[in-house]
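# Structural description and commentary
What follows is the residue order along each chain.
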Amino acid sequence: MDASASPSRSLSTHLRRALGALGSAWTHAAKFALDIALPTLCVSCREPVDGEGVCAGCWAKLSFIAPPYCPRLGIPFVYDPGPDMLSMEAIANPPAYTRARAAVRYDEVARTLVHALKYHDRTDLAPAMGRWMARAGRELLDGADMLIPVPLHWRRAWGRRFNQSAALACAIERQSRIRLRGDLLQRVRATEQQVGLSRAQRASNVQGAFQLTAEAKSQVQGRRVVVIDDVLTTGATLDACARALLRAKASQVDVLVFARVVDTPKAPI
């Protein structure tokens, strides 16, 4: 009985493999045809691009942040003031988090990338942006225990359908092998959009907006945490996240973002 059934099973196996190969070939052919009909466009200048969302010209316009910069806030210095020299911002208004790093300045191209990811569902940009962030935040990631993205309130998450900070954190997790824990920090209060608010208004807007459950606190206690977000402006949201994590007894909280707003240095008098 088994011997008579064996040829049938063998034929079925070969047929499935052939159909699988045909399906794979069809998928590649369809993708090739689609790429010809609808080439990938640079998110900034809309020119055709073969790669990760930006053409070579726009990539060159991105202002990547490199030393020298403030060791606390990651704000780039015009010149090297020497080791461990803090920026005026870090001295005047020190944040709750220990260090902040950003991949690029928040300029025109960076803003286009952030808006494409955040508002236009361009999640395909997250892997490249996350790689740039992982490179910029190498010293923060070294020895970190977990990545925590800035959470959205459930109403905003419902409308936006995904969390851009979590998408970036996923890319960084793949690069760094540091575990992503998007389930620990919660935004328990719906807040207004921060755009257009002053520094004081931003801080007031997010005060008490983030919390951890008792179970989440036990997961954070004694851990080094890196909080992930897309843009750092005044740092009010990230500061509120850091305070919630430090209240939960995290040993250290650092911040890693894709872009940060940098004031243009004024010319000397």
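Residues numbered from 1 in each chain as written. Predicted model: local features only at pLDDT ≥ 70, side-chain atom pairs only at ≥ 80, totals over all residues. Heavy atoms only, no water.

### Quick word on the pairing of strand β1 (residues 100–105)
- With respect to burial, β1 is a largely interior element, five of its six residues being buried.
- The sheet contact formed by β1 and strand β6 (residues 252–260) spans five bridges and is parallel. Within β6, the residue paired with arginine 101 across the bridge is leucine 256. (Buried < 20%, exposed > 50% of the residue type's maximum accessible area, 1.4 Å probe, protein only. Helix = DSSP H or I, 4+ residues; strand = E, 2+ residues; numbered from the N terminus. Pairing = 2+ DSSP bridges.)

### Re the side chain of aspartate 239
- If you trace the backbone, aspartate 239 turns up in helix α11 (residues 236–247).
- Judged by its relative accessible area of 14%, aspartate 239 falls in the buried class.
- Residue contacts for aspartate 239: discarding those within four places in its chain leaves Pro95, Ala96 and Tyr97. (Contact = heavy atoms within 4.5 Å.)

### Describing the nonpolar core
- Among the nonpolar cores identified, the biggest contains 39 residues, and Leu113, Ile228 and Phe258 are the most heavily contacted of them.
- Elements represented by at least two residues in this core include exactly β1, α4 (108–119), α5 (126–136), α6 (138–141), α8 (164–176), β5 (224–232) and β6.
- Apart from residues no more than four positions distant in its own chain, phenylalanine 258 is found in contact with Ala102, Ala103, Val104, Ala110, Leu113, Val114, Met129, Trp132, Met133, Asp229 and Asp230.
- Val150, Val220, Leu232 and Ala236 belong to the second largest nonpolar core, which has 36 residues in total. (Core = buried A, V, L, I, M, F, W, Y, C linked by side-chain atoms within 4.5 Å.)

### What about a nonpolar patch on the surface?
- On the surface, a nonpolar cluster with roughly 320 Å² of combined accessible area is contributed by Leu86, Met88 and Ile91.
- Locating methionine 88 in the fold gives a position in helix α3 (residues 88–92).
- Residue methionine 88 is classed as exposed on the basis of its relative accessible area, which comes to 64%. (Patch = residues over 30% accessible without salt bridge, like charges linked within 9 Å, V, L, I, M, F, W, Y side chains within 5 Å. Areas by Shrake-Rupley, 256 points an atom, 1.4 Å probe, with all protein chains shown as cover. Salt bridge = Lys/Arg side-chain N within 4 Å of Asp/Glu carboxyl O.)

### A short note on the environment of leucine 113
- By secondary structure assignment, the location of leucine 113 is in helix α4.
- On the basis of relative accessibility, which here comes to 2%, the residue leucine 113 falls in the buried class.
- Taking the C-alpha atoms as reference, leucine 113 lies 9.4 Å from alanine 126; in sequence the two are 13 residues apart.

That is the geometry; function is a separate question.
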